[in-house]
Amino acid sequence: MDAKDLRAKFVEIYGDGGDIREYFAPGRVNLIGEHTDYNGGHVFPCALTIGTYGVARKREDDKIHFFSANLEDCEVVEVSLSDLSYQKRYSWANYPLGVVWAFDGKGKKMTQGFDMAIRGNIPNGSGLSSSASLEVLTGTILRDLYGFADLSMTDLALIGQYSENNFNGCNCGIMDQFAVAMGKKDCAIFLDTSDLSYEYAKIALPDAKIVITNSKVKHSLVDGQYNKRREECAEALAQLQTVVDIQSLGELDNEGFEKYKDVITDEECKKRARHAVAENQRTIEAVAALKDNDVEKFGKLMNASHVSLRDDYKVSCEEIDILVDLAWSIDGVVGSRITGGGFGGCTVSIVKNDAVDAFMEKVGAGYKEKTGIDAEFYVVDIGDGARRTV
Ligand code: ADP
Ligand code: MG
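Given the structure is predicted, the values throughout are model-derived calculations rather than measurements.

1. With respect to the UniProt feature "binding site: Mg(2+)" (unreviewed entry) in the protein
Mapped onto this structure's residue numbering, the UniProt feature "binding site: Mg(2+)" (unreviewed entry) falls at Ser-131 and Glu-164. Spanning 34 residues, the named residues nonetheless gather at one spot, since no C-alpha pair among them exceeds 8.3 Å. If you trace the backbone, Ser-131 turns up in helix H3 (residues 130-146). In this structure Ser-131 comes out as buried when scored by C-beta crowding, with 24 C-beta atoms within 10 Å.

As structure tokens, then:
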């Protein structure tokens with residue numbers, strides 16, 4: 001189903017006429033800088049050309065309607081503007097509803113409702129941020145439909161994160177929504193999450209492609225473990241703050257960490273903090289390497305990122321490690337690592353053009369042999385951030 005079909009579906013469900021508008025918000029992949037965005041560190045994600053399409057139109061009454069063409073037998077979820085509360089039965093629609101709630105809470109009042117239909121072509125729950133895509137899509141729609149022109153794309157990212165944190169209960173950092181909102185074709189975003197300053201870095205890879213491999217597994221621990229990592233980092237930070245004046249782990253470099261680390265009493269917390277510090281330094285180094293056209297070095301830093309996420313941060317899993325080990329064994333793979341929150345989901349690899357076919361064949365076969373699962377591969381392009389399209 002493409003954008004035209006989604007519009008037809010919208011008309012079929014809600015009727016024709018009026019001012020029907022179309023939108024798109026990308027998914028994202030993070031090249032390096034994982035689990036640093038809630039530790040005041042740097043991240044380096046890029047928006048993809050795949051993402052979530054949306055069609056929307058304002059209504060006369062105060063009803064809001066949500067529909068997803070991705071879900072079989074999806075029924076329209078109806079909510080009234082006078083009761084913007086989280087309801088389990090709304091299921092997936094709590095994501096866009098959370099954004100409406102956040103707008104309302106921030107004084108962006110709406111008296112008329114709207115109809116909305118979406119369809120995504122990013123896998124859900126696989127670390128490519130379909131949730132942030134849906135949130136920023138919703139924010140883009142509301143800003144446009146209701147003329148909240150004073151909101152910047154950064155504001156829409158912050159509202160998306162706020163709604164995911166406070167309405168949907170996932171304590172995510174700002175990286176995902178920021179990448180979805182601010183993405184730029186052929187560029188990754190070097191974002192300092194301590195103050196949201198950022199710069200675009202051109203990803204010119206004439207000899208290579210970015211290949212995402214979907215392990216097709218998601219271990220159920222995700223949200224609990226994610227929040228636990230945040231707590232472990234907070235504990236490590238609090239102990240470090242008794243000996244050094246820092247606001248976040250991102251303010252330490254590797255040397256500083258070595259100097260002060262023994263104040264962290266819990267060995268596991270120490271490892272989490274070591275990852276947060278080292279990963280931030282790796283990200284800074286990786287972006288510098290890219291500026292020097294040293295793609296090989298960038299790849300090695302991606303590999304080191306994986307090792308740190310696997311051993312120190314403990315957010316990988318058997319299936320992902322199999323994918324990464326297979327990738328590392330193939331000639332022409334510049335770098336490969338887990339991407340996203342972890343415990344399953346996807347890996348991201350940089351693969352030389354002439355090795356892409358062999359990569360998909362060998363990783364696919366090896367993974368199938370070891371796990372019985374058919375991995376999925378996406379050779380991706382870097383696209384622009386969320387926008388109105390029609
Ligand atoms: P990720 O953001 O990595 O894809 P999450 O678990 O954070 O994984 O978000 C996935 C959830 O977002 C889905 O379970 C669903 O509730 C919602 N979602 C995202 N895209 C869509 C869509 N196109 N249709 C319906 N729900 C969607
Ligand atoms: Mg998500």
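2. A short note on the site of ligand 1
Of all residues adjacent to ligand 1, which total 19 residues, the nearest are Ser-68, Trp-92, Gly-120, Ser-130 and Ser-131. Of the residues contributing to the shell around ligand 1, the split by class is six nonpolar, 12 polar and one charged.

3. Regarding the UniProt feature "domain: GHMP kinase C-terminal" (unreviewed entry) in the protein
Look at the UniProt record and you will see "domain: GHMP kinase C-terminal" (unreviewed entry) annotated at residues 287-367. Between the end C-alpha atoms of residues 287-367 there is a gap of 31 Å, over a span that is 56% helix and 20% strand.

4. Considering the packing of helix H8 (residues 267-291) against helix H9 (residues 295-311)
Two numbers describe how H8 lies on H9: the axes approach to 9 Å, and their chain directions differ by 170°. Classed by the angle they form, the pair H8 and H9 counts as roughly antiparallel. Here the hand of the crossing between H8 and H9 comes out left-handed. Of the residues in H9, those in contact with His-275, Ala-278, Glu-279, Arg-282, Glu-285, Ala-286, Ala-289 and Leu-290 of H8 are Lys-297, Phe-298, Leu-301, Ala-304, Ser-305, Ser-308 and Leu-309. Residues of the contact of H8 with H9, tallied by class, amount to eight nonpolar, three polar and four charged.

5. Describing helix H2 (residues 94-105)
Taking 1.5 Å of rise per residue, the 12 residues of H2 would be expected to cover 16 Å, and the 16 Å separating its terminal C-alpha atoms lies within 8% of that figure. In terms of burial, H2 is a largely internal element, 10 of the 12 residues being buried. When we look at burial in H2, the residues that qualify are Asn-94, Tyr-95, Pro-96, Leu-97, Gly-98, Val-99, Val-100, Trp-101, Ala-102 and Phe-103. For H2, the secondary structure elements touched by its buried residues are strand E3 (63-68), strand E4 (77-80), strand E5 (114-120), H3 and helix H4 (153-166). Positive backbone phi, at 85°, marks Gly-107, one or two positions downstream of H2.

6. Details of the pairing of strand E2 (residues 42-58)
For E2, the buried fraction is high: 15 of the 17 residues fall into the buried class. Bridge count for strand E1 (residues 21-32) against E2 is 10 bridges, and the pairing is antiparallel. Bridge assignment links Ile-32 to a residue of E2, and that residue is Phe-44. Relative to strand E6 (residues 187-192), E2 is paired through two bridges, and the arrangement is antiparallel. Looking at E6, one finds that His-42 is bridged to Asp-192. Pairing analysis gives seven bridges linking E2 to E5, with the strands arranged antiparallel. Pairing of Lys-58 across the sheet is with Phe-114, part of E5.

Thresholds, definitions, all that
- Residues numbered from 1 in each chain as written.
- Chains lettered and ligands numbered in written order.
- Predicted model: local features only at pLDDT ≥ 70, side-chain atom pairs only at ≥ 80, totals over all residues.
- UniProt positions renumbered as here; feature names shortened; annotations may be inferred.
- Helix = DSSP H or I, 4+ residues; strand = E, 2+ residues; numbered from the N terminus.
- Buried ≥ 20, exposed ≤ 12 C-beta atoms within 10 Å, placed from the backbone.
- Near = placed C-beta within 6 Å.
- Nonpolar A, V, L, I, M, F, W, Y, C, P; charged D, E, K, R; others polar.
- Axes fitted to C-alpha atoms, helices over the stretch in contact; angles between N-to-C directions.
- Parallel < 35°, antiparallel > 145°, perpendicular 65-115°, else oblique.
- Left-handed = near helix turned anticlockwise from the far one by under 90°.
- Contact = placed C-beta atoms within 7 Å.
- Expected span 1.5 Å × (residues − 1).
- Pairing = 2+ DSSP bridges.

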